[in-house]
Amino acid sequence: MLDIHNLAFAYNAGSPDEIVALHDVTLQIAPGELVAIIGHNGSGKSTLAKILCAILSPTGGSFRVDGIPATAANEWEIRRRVGMVFQRPDDQLIANTVIDDVAFGPENLGLPRSEIEKRVRESLAALGMADRAYAQVAELSGGEKQRVAIASVLAMRPNYLILDEPTTMVAPTVARQVLRLAHDVRDRFGVAVLHITHFMYEVVGFDRVVVMGSGRVLMHGSPRAIFARADELHAAGLALPQVTELGRRLYARGVDLPPVVLSAEELRAALSQFELRHAPAEIQPAPEPDPTPDPQPELLLQARDINFTYMAGTPLAEVALRGANCDLYAGETVALLGGTQAGKSTLIEFLPGCAGRNPASYAGKGKTWAQQTPISAGCDAKLGSCSSNRKHNFSKILSARMCRSRRASRICRRPNHGRLSRHA
Ligand SMILES: Nc1ncnc2c1ncn2[C@@H]1O[C@H](COP(=O)(O)OP(=O)(O)OP(=O)(O)O)[C@@H](O)[C@H]1O
Ligand SMILES: [Mg+2]
């Protein structure tokens, strides 16, 4: 049992910069329970997770793991029993190869060789990564890295596994696999899984949902019981899953449905008793599209036949882009879609030239890198990008600031441009 009593935590406690992140959290998690923890940004989910696996020490209250009090003396025992997988797997993968990463934890527990090998084999098999055991971690996709990170924690045989937003960095198909994994590892290893998420639709298959807000546990209960409290969820900045919201609105209009539906299948089954009131012929056809073409917007950026290979010329070469084309027009919003390893991030990195690569030198034989404006050195100032990796964003902010200060110094050197220098 994970037994949490009146837990409190403040960052920079006692200083003028103190930020109280948790107040009075009381919660019990049973062995083998599947619990989803949901809450708005800054509600304290990650802070709670870090306390439970002894990365942070609480500033108030206490907790016990399987009866063991969480004290400084028991820190390593708590860490062994409560494993955590961070949102960005890169933050916790430390070895070069998959097998070394998964073996790292059990090796540090001082286990016999045969036991280490058994755990590594079982963990990789459970995560569907057995055939990637000797792969380089650097060449794995985000979803694969996530699996290795989970396998590495599982190899420590924790009783409680905390997954901190494991689905935000991966494609929807991979996210569904990760969610299934939470169930699989519980069934296979008997571990309790605490799945932290922002997505309400992800909590449906869990035994219990804990809703956090402003550092407190606002409510907890079965998904059906939680979804029945839609107004309180809205007040906490959370929305019901679409299908549950649809069912709720139909129910409010007097349709004979359960007040809470959890899935599309449940809604379909409940609605199948009704006959269609309108025959298909009565449905109005969609209006014809307007035949006058829109005026052609200005072409801002055109990239043609982009090829890029990571670690080109080495045995680890990995082709990321093959003849990729991209046009961007003024005022357009463009969605770039693709599964993991489709090359989306690599393409985005090329557009502002922010990775400092010379695309021409990577173009394949017979391929050219065509550019209109503004793919050129220093174009960061015109083309901003926001990476899924916050560390990359930080370096971009720095380079943008340096770019701005360079521009400012040029302006300042000219006389009578005070107004412009203030802008800079
Ligand atoms: N290292 C830190 N130093 C100071 N304050 C922090 C730190 N980490 C988090 N906080 C603050 O603590 C509060 C809780 O943050 P926490 O990261 O636990 O929330 P969260 O629910 O995990 O948010 P998110 O959904 O964005 O991941 C927030 O006010 C946050 O700004
Ligand atoms: Mg968090």
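Here the structure is a predicted model, which is why all the values come from computation and not from measurement.

Notes on helix α1 (residues 45-52)
The periodicity of an α-helix, 3.6 residues per turn, causes residues three or four positions apart to be oriented the same way.
Link 1 in the chain: Across the 8 residues that make up α1, a large majority, 7, are buried.
Link 2 in the chain: Listing the buried residues of α1 in full gives K45, S46, T47, L48, A49, I51 and L52.
Link 3 in the chain: One or two positions beyond α1, positive phi appears at A54, with a value near 60°.

Here's the deal with unusual backbone geometry
Link 1 in the chain: Phi at N12 takes a positive value of approximately 50°, unusual for a residue other than glycine.
Link 2 in the chain: By the element assignment, N12 lies in the loop between β1 (2-11) and β2 (19-29).
Link 3 in the chain: Non-glycine residue E165 carries a positive phi angle of around 50°.
Link 4 in the chain: Mapped onto the secondary structure, E165 falls in the loop between β7 (160-164) and α6 (172-189).

Focus on the packing of helix α3 (residues 98-108) against helix α5 (residues 142-154)
Link 1 in the chain: One way to put it is that α3 packs onto α5 with a least axis distance of 7 Å and a crossing angle of 30°. In terms of orientation, α3 and α5 fall into the roughly parallel class. Along this stretch, α3 crosses α5, giving a crossing that reads as right-handed. Counted together, V98, D101, V102, F104 and G105 of α3 and V148, A151 and S152 of α5 form the full contact between these two elements.
Link 2 in the chain: Residues of the contact of α3 with α5, tallied by class, amount to 5 nonpolar, 2 polar and 1 charged.

Calculation criteria
Residues numbered from 1 in each chain as written. Chains lettered and ligands numbered in written order. Predicted model: local features only at pLDDT ≥ 70, side-chain atom pairs only at ≥ 80, totals over all residues. Buried ≥ 20, exposed ≤ 12 C-beta atoms within 10 Å, placed from the backbone. Helix = DSSP H or I, 4+ residues; strand = E, 2+ residues; numbered from the N terminus. Axes fitted to C-alpha atoms, helices over the stretch in contact; angles between N-to-C directions. Parallel < 35°, antiparallel > 145°, perpendicular 65-115°, else oblique. Left-handed = near helix turned anticlockwise from the far one by under 90°. Contact = placed C-beta atoms within 7 Å. Nonpolar A, V, L, I, M, F, W, Y, C, P; charged D, E, K, R; others polar.

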